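# Breakdown of the fold
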Amino acid sequence: MRVFKFGGASVKDAAAVKNVAKVLQTTGFSELFVVVSAMGKTTNALERIVESYLNKNLDRNDQIKSLQEYHLKILEQLFKTNQQPVFNKVKDLFTDLETTLTRNKSKQYDYLYDQVVSYGELIATTIVSEYLNETGYKNNWLDARELIKTDNAYRDAQVNWKQTQELILEKVNKNQLNITQGFIGSDQNNFTTTLGREGSDYTAGIFAYCLGADSVSIWKDVPGVLNGDPRVFKNTQLLSHISYSEAIEMAFYGASVIHPKTIQPLQRKEIPLYVKSFLNPTTKGTSVKKGQPLDPYMPCYIVKKNQILVSLSSLDFSFIVEDKISEIFGLFHQYHIKVDLIQNSAISFSVCLDDKFNHFEGLLNRLKAKFKVTYNTNVSLYTIRHFTDEAIRALEKNKDILLKQITRETYQMVARD
Ligand code: ADP
Ligand code: ASP
Ligand code: MG
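In this text the structure is predicted, and so the values were computed from the model without any measurement.

## Some remarks on the pairing of strand E10 (residues 286–289)
- Across three bridges, strand E8 (residues 241–243) lies against E10 in parallel orientation. By the bridge assignment, isoleucine 242 is partnered in E10 with valine 288.
- In the sheet, strand E9 (residues 273–277) pairs with E10 via three bridges, with the strands oriented antiparallel. Note on E10: the bridge partner recorded for valine 275 is threonine 286.

What follows is the structure in structure tokens.
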């Protein structure tokens, strides 16, 4: 059995959805498990709807209307008449979304966020599943919330592997074509949870692990994993083969083509991951497998924007060592702030942080109570894996560098944007 994942770009409009069918025609579609995420930029639009709701901003109704029109336009281009039940299914999902907001009594932002943004995936999979049914690719639409169980850490939910494994083995018929949502699951009370932004790649990894799949293919708008994000770096080249450890390092440092959590479940069962172009499905793309050397071997460039560089020093000139560092990390954990890079000296400690959930202000107040704190927001973390002197020279040119760190394989630098 194979697992495929189609992300936002691969289902962003009607032509893209038709292309998904073409990919399945090329690759075959029996014993296939397909994960689909929200169409285009839908998740961002849903995030804005949550903001408007909480700020009691009346733009909310227009925002919902325009998101509905975007999906209805796709439907009109995919299906012949609006008599098709799929139109009603999608309209019903939008009605449910509005009801969720009007009936909501919770003040917990993260909880509400998950109840709302999950509609992007529910709507996208409804459309793709019905379109494939119409065009001869008979499939089962599965609700991922009935298969992936998590804790209730909304927006960053952790998978309960035991329950998830049991449900998947019980409910998924491996011999058919199945379609489900990426990114979403449910907690013990059956409230919807999400696995973190861009988490659909991870969903593919979860299903592959639980189903004991032969491979996972994630279909992207690039030829595979390149030695740099083509939106940022010029003359990038395709990496044909990389190891799990290389992939996990690159994803962790910010190569957004693979969600960093995807690799771990695959590596545990040695399930190969293929990163392929949905525009050229017959080309090889990148294969990620155990222990295979980076091929071609070359410097790989990664940039993570919008980071915060924080330096802490003690108020009384005492050392910042184990006890204080453990207290500082306790706070990072409590505020769901991810640490990208660490550097310390006797009386000062610097970290580059990723504040995905906008909790930095709360953290700052806590840190200021105990330390002298200086920080820079909007900095970028640049990483070169397998660096050369020439690669470093070229990257550093014209940059306002705040911090540098070099280990055997990895060069890192924090610079002002
Ligand atoms: P999805 O459609 O699955 O959400 P993403 O947009 O998350 O796909 O991932 C694809 C994008 O990742 C590419 O368009 C590219 O800009 C970006 N990217 C970042 N780093 C790399 C890299 N090293 N190789 C290829 N693409 C990269
Ligand atoms: N739709 C979600 C997001 O945009 C999940 C994903 O695309 O992987 O974050
Ligand atoms: Mg994405």
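## Quick notes on helix H9 (residues 244–253)
- Listed in full, the buried residues belonging to H9 are Tyr244, Glu246, Ala247, Met250, Ala251 and Tyr253.
- Summarising the contacts, the buried residues of H9 are in contact with E8, helix H10 (263–268), E10, strand E11 (300–314), strand E14 (371–385) and strand E16 (410–416).
- Looking one or two places after H9, you find glycine 254, whose phi comes out positive at around 125°.

## What to know about the sheet that holds strand E12 (residues 338–344)
- The antiparallel open sheet is built from six strands, whose spatial order is E12-E13-E11-E14-E16-E15. Of all strands in the sheet, those with a lone pairing partner are E12 and strand E15 (401–406), marking the two edges. Pairwise comparison of adjacent strand axes, ignoring direction, gives a mean angle of 30° for this sheet.
- Bridging between E11 and strand E13 (residues 348–354) involves six bridges; their strand directions are antiparallel. Within E13, the residue paired with serine 311 across the bridge is serine 350.
- Against the sheet, helix H11 (residues 322–334) touches E11, E12, E13 and E14, its axis set at about 15° to E13.
- Docked against the sheet, helix H13 (residues 389–396) engages E11, E14, E15 and E16, running at close to 10° with respect to E16.

Reading the values: rules and limits
- Residues numbered from 1 in each chain as written.
- Chains lettered and ligands numbered in written order.
- Predicted model: local features only at pLDDT ≥ 70, side-chain atom pairs only at ≥ 80, totals over all residues.
- Heavy atoms only, no water.
- Pairing = 2+ DSSP bridges.
- Helix = DSSP H or I, 4+ residues; strand = E, 2+ residues; numbered from the N terminus.
- Buried < 20%, exposed > 50% of the residue type's maximum accessible area, 1.4 Å probe, protein only.
- Contact = heavy atoms within 4.5 Å.
- Axes fitted to C-alpha atoms, helices over the stretch in contact; angles between N-to-C directions.

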